[in-house]
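# Structural features, examined
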Amino acid sequence: MDELIAKLKTQIIEQLNLEGVAPDDISADDPLFGEGLGLDSIDALELIVLLEKNYGIRIENPADGKKIFATIRSIAEYITANKKA
Amino acid sequence: MSTAITAYCLIRNHKVIVNGETLLEKEKELKFSEFIKSAYDLNASANLKFFKMDDLCKLAYIASEFLLKNKKLSEQYGQENVSLLFANTSSSLDTDISYYNTIKDFPSPSLFVYTLPNIMMGEISIRNKFKGENAFFIFERFDPDFLRNYAMQLIKEKKAKAVIIGWVDLLKENYEAFLCLAEETGNGTELTTENLEKLYNVTNFKL
């Protein structure tokens, strides 16, 4: 899980063009939206693309997005639970 | 006092010129992305959103940061009384092409939002809390006569007390931004077609 979290941090920084943010600046349990990294709705769409592109995971129910993208850890847990073997 | 151009900013050939003074000059070999980042570092207020903008928006945004430095137009005139009147020739083609290239794989939402040229006025309005009329036109070339007449009409009809007139164009590594601030009763150079043309063409023109 720790390895996946570290990888996700790097991927998110790259995908969302988070200039000046280093992986160590992001805590796995910090909220991604609102406070914390302060991501917006377009970032949420980019995260959906990231999951599909890098992990082959499609979020079928958009209502689940809020829970899945709450923190880096929640994304990592969702990937672990849904990644195809 | 008549309607006057009170400030202008010209970004072209890796130079930033404000009111006739060169504030930044970089070597021509530099890529646009590196040049605009150095302009951001020199003058813009910290804004993480800048790094998510496409190149056209970055160009317009940086030009506006230089133009409006130490100015508080929203407070001075009221948010609804500051208008933006922009034009260019390449529209958002630079980002349209980038977005098109992602369609085959995974369409990029963050590129898609910049596939309209008038988004740059939105970014500037958000940053400066402007809520006045925005208009964007696509012309073959810079048209000072049209822009001057439109700006004067906005002021005459009491739709604006200040108008930011802009020509911001970018396609790949070719770019230029020319922003002028026209104020209803400002001290500066009279807002005429000839003066707009002069400012656009003569890079060391003093107001």
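### Thoughts on the overall build of chain A
Scanning chain A from terminus to terminus reveals four helices and zero strands. Reading chain A from its N end, one meets helices and strands in the order α-α-α-α. Against the 2.2 N^0.38 benchmark of 12 Å for 85 residues, chain A shows a C-alpha radius of gyration of 12 Å, consistent with a compact globule. C-alpha extents for chain A along the principal axes are approximately 35 × 25 × 20 Å. By residue count, 24% of the 85 residues in chain A fall in the buried class. The contacts in chain A between residues at least 6 apart in sequence include a share of 57% that link residues at least 24 apart.

### Things to note about the overall build of chain B
Per the secondary structure count, chain B includes eight helices and eight strands. Over its C-alpha trace chain B gives a radius of gyration of 16 Å, about what one expects of a compact globule, namely 17 Å for 207 residues. Once the C-alpha set of chain B is aligned to its principal axes, its extents read approximately 55 × 35 × 35 Å. Looking at the 207 residues of chain B, the share that counts as buried comes to 43%.

### Overview of the interface of chain B and chain A
Contact residues are listed per partner, giving eight residues for chain B and eight residues for chain A. Partitioned by chemical class, the residues of the side of chain B that touches chain A number five nonpolar, two polar and one charged.

### Side note on the packing of helix H1 (residues 2-15) of chain A against helix H4 (residues 72-82) of chain A
Residues and elements named next belong to chain A. In the contact formed by H1 and H4, the axes pass within 9 Å of each other and the chain directions differ by 115°. Once H1 is placed against H4, the crossing between them reads as right-handed. Residue-level contacts link Leu4, Ile5, Leu8 and Lys9 of H1 to Ile72, Arg73, Ile75, Ala76, Ile79 and Thr80 of H4. Per-class residue counts for the contact of H1 with H4 are seven nonpolar, one polar and two charged.

### A word on the environment of Ile57 of chain A
Within the element layout of this structure, Ile57 of chain A appears in the loop between helix H2 (41-55) and helix H3 (65-68). Apart from residues no more than four positions distant in its own chain, Ile57 of chain A is found in contact with Leu51, Glu52, Ile79, Asn82 and Lys83 of chain A.

### Thoughts on helix H4 (residues 93-103) of chain B
In an α-helix, one turn spans 3.6 residues, which is why side chains three or four residues apart end up on the same side. Residue and element names in this part refer to chain B. Here H4 has its buried residues at Asp94, Thr95 and Tyr99. Angularly, the buried residues of H4 cover 125° about the axis, an arc narrow enough to put them on a single face. Those residues of H4 that are exposed and aimed more than 90 degrees away from the buried face are Tyr100, Asn101 and Ile103. Of the surrounding secondary structure, the elements contacted by the buried residues of H4 are helix H2 (55-67), helix H5 (109-112) and strand S6 (162-171).

### Considerations on the packing of helix H7 (residues 144-156) of chain B against helix H8 (residues 193-201) of chain B
Geometry of a packed helix pair, given as the angle between the helix axes and the separation of the axes. Residue and element names in this part refer to chain B. Two elements in contact, H7 and H8, have axes separated by 8 Å at closest approach and are oriented at 125°. Considering their axes alone, H7 and H8 lie oblique with respect to each other. In this structure, H7 crosses over H8, and the sense of that crossing is right-handed. Touching Pro144, Asp145, Leu147 and Arg148 of H7 are Thr193, Leu196, Glu197 and Tyr200, all from H8. Its residues placed into classes, the contact of H7 with H8 shows four nonpolar, one polar and three charged.

### Here we look at the environment of Ser91 of chain B
All names here are of chain B. Following the sequence through the fold, Ser91 ends up in the loop between strand S4 (82-88) and H4. Classification of Ser91 by C-beta neighbours within 10 Å gives partly exposed; the count is 17. Between the C-alpha atoms of Ser91 and Ile138, which are 47 residues apart in sequence, the distance is 6.5 Å. Not counting chain neighbours up to four residues away, the residues in contact with Ser91 comprise Pro117 and Ile138.

Criteria and cut-off values
- Position numbers for residues start from 1 in each chain and track the written sequence from start to end.
- Each chain takes a letter, starting from A, and each ligand takes a number, starting from 1, following the order in which they are written.
- Local features in a predicted model are, by the rule used here, given only for residues with pLDDT of at least 70; side-chain atom pairs are given and counted only at 80 or more, and totals for whole chains, interfaces and linings are based on all residues.
- Here a helix means four or more residues in a row that DSSP labels H or I, a strand means two or more in a row labelled E, and each is numbered from the N terminus.
- The globule rule used here is 2.2 Å times the number of residues to the 0.38 power, and the radius of gyration it is set against is calculated over C-alpha atoms.
- In this scheme every C-beta is placed from the backbone, and a residue whose C-beta has 20 or more other C-beta atoms within 10 Å is buried, one with 12 or fewer is exposed, and one in between is partly exposed.
- Placing a C-beta atom from the backbone of each residue, one calls two residues in contact when those atoms lie within 7 Å.
- Three classes are used, and their members are as follows: Ala, Val, Leu, Ile, Met, Phe, Trp, Tyr, Cys and Pro are nonpolar, Asp, Glu, Lys and Arg are charged, and the others, Gly among them, are polar.
- Fitting a line to C-alpha atoms yields each axis, with helices limited to the stretch in contact; the angle taken between N-to-C directions then spans 0 to 180 degrees.
- When the near helix sits turned anticlockwise from the far one by under a right angle, the crossing is termed left-handed; a clockwise turn instead gives a right-handed crossing.
- As used here, the arc belongs to the directions running from the helix axis to the C-beta atoms.
- To sort the angles, those under 35 degrees are grouped as roughly parallel, those over 145 as roughly antiparallel, those from 65 to 115 as roughly perpendicular, and the leftovers as oblique.

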